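So the chains spell out like this:
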Amino acid sequence: MGQAFGCIQVDQSTVAIRESFGKFDAVLDPGCHLMPWCIGMQTAGILSLRVQQLDVRCETKTKDNVFVTVVASIQYRALAEKASDAFYKLSNTKEQIQAYVFDVIRASVPKLELDSVFEQKNEIAKAVENELEKAMSHYGFEIVQTLIVDIEPDEHVRRAMNEINAASRMRVATNEKAEAEKILQIKRAEGEAESKYLSGLGIARQRQAIVDGLRDSVLAFSTNVPGTTSKDVMDMVLVTQYFDTMKEIGASSKSSSVFIPHGPGAVRDIASQIRDGLLQGQTMDH
């Protein structure tokens, strides 16, 4: 705003209040206006039409007796068509708005528990906005928007809430880990069972092949060497297997010391024991 030679300049987004001998005369829009001071006209003040913001911190108590600080952000502006009301009716606009915010928040929050306050902060903001809109419209102000930007519980309550949340997440993680270990054990057991099954099939086939080989060897030897009996062939096979076993024991680097009877008659004794065992088994079957 500039004033010289009885003229006044009103800047954009503002209006000027003109008085004549101390009485309201007119609202001057942006631009250049005559201000003949010689006939008692003067500028009472300038009113901004820009959107302004007021942050209000209000401490209150919830239904479950938790003290919280609610931070509300109020965006408001003066209406050009009600500029005289906005200029003359309120001496301190911010304190008036703050009083209404305190009144609504302290009437709404005590009806809710702490968790509900967080969940219904939009409803609280709407209640504050509606109350401010009704009250401030009489004074020439428009409430553009009301936001609940923060809800701050007491430090001890906030720490307790974090511990509860951490414990809950730890419990979920423990359950998931236990479930994963359970699945791993099941899969490991299934794998071991399948491995043992396949190993059993392999051993059964190996023994079947040994039996088939022994039968073929006995038949071939009896045919090619006249005068030999099946008993002679089996004694020879047992001797061969005996020496193969001795060779395997000696070749194994991880084998422990094994004491077995060995002498000129050891092979015959072992063969006799094997045959006796087989005959006893057959006798018991019959």
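Residues numbered from 1 in each chain as written. Predicted model: local features only at pLDDT ≥ 70, side-chain atom pairs only at ≥ 80, totals over all residues. Heavy atoms only, no water.

(A) Spatial organisation of a nonpolar patch on the surface. A cluster of nonpolar residues, Tyr 197, Leu 198 and Leu 201, forms a patch on the protein surface that exposes about 290 Å² of accessible area. Relative to the helices and strands, Tyr 197 resides in helix α5 (residues 155-224). (Patch = residues over 30% accessible without salt bridge, like charges linked within 9 Å, V, L, I, M, F, W, Y side chains within 5 Å. Areas by Shrake-Rupley, 256 points an atom, 1.4 Å probe, with all protein chains shown as cover. Salt bridge = Lys/Arg side-chain N within 4 Å of Asp/Glu carboxyl O. Helix = DSSP H or I, 4+ residues; strand = E, 2+ residues; numbered from the N terminus.)

(B) Layout of the pattern of salt bridges. Here the structure, examined in full by the defined rule, presents 6 salt bridges. We note a salt bridge from Lys 134 to Glu 131, for which the minimum N-O separation is 3.9 Å. Taken together, the residues Lys 134 and Glu 131, both in helix α4 (residues 121-136) and 3 residues apart, mark about one turn of the helix. Note that Lys 187 is salt-bridged to Glu 190, the shortest N-O span being 3.9 Å. In this pair, Lys 187 and Glu 190 are both assigned in helix α5, 3 residues apart and thus about one turn of the helix distant. Taking the relative accessible area as the measure of exposure, Lys 187 reaches 53% and is therefore exposed. Residue classification places Glu 190 among the partly exposed positions, given a relative accessible area of 46%. (Buried < 20%, exposed > 50% of the residue type's maximum accessible area, 1.4 Å probe, protein only.)

(C) Spotlight on unusual backbone geometry. Although it is not a glycine, Phe 21 adopts a positive phi angle of roughly 55°. Tracing the sequence through the fold places Phe 21 in the loop between β3 (14-20) and β4 (23-28). Of note in this structure, Asn 65 is not a glycine but carries a positive phi near 60°. Mapping Asn 65 onto the fold places it in the loop between β7 (52-61) and β8 (67-78).

(D) Spotlight on the nonpolar core. Residues Ile 74, Ile 97, Val 101, Ile 105 and Leu 132 are the most contacted members of the largest nonpolar core, which totals 33 residues. For this core, the elements supplying multiple residues, two or more each, are β3, β7, β8, α1 (83-88), α2 (93-108), α3 (114-119), α4 and β9 (141-153). For Ile 105, the contacting residues outside a window of four places in its chain are Cys 58, Thr 60, Val 70, Ala 72, Pro 110 and Val 128. If you look at the next biggest cluster of nonpolar residues, it comprises 6 residues, including Ile 8, Ala 16, Leu 28 and Met 35. (Core = buried A, V, L, I, M, F, W, Y, C linked by side-chain atoms within 4.5 Å. Contact = heavy atoms within 4.5 Å.)

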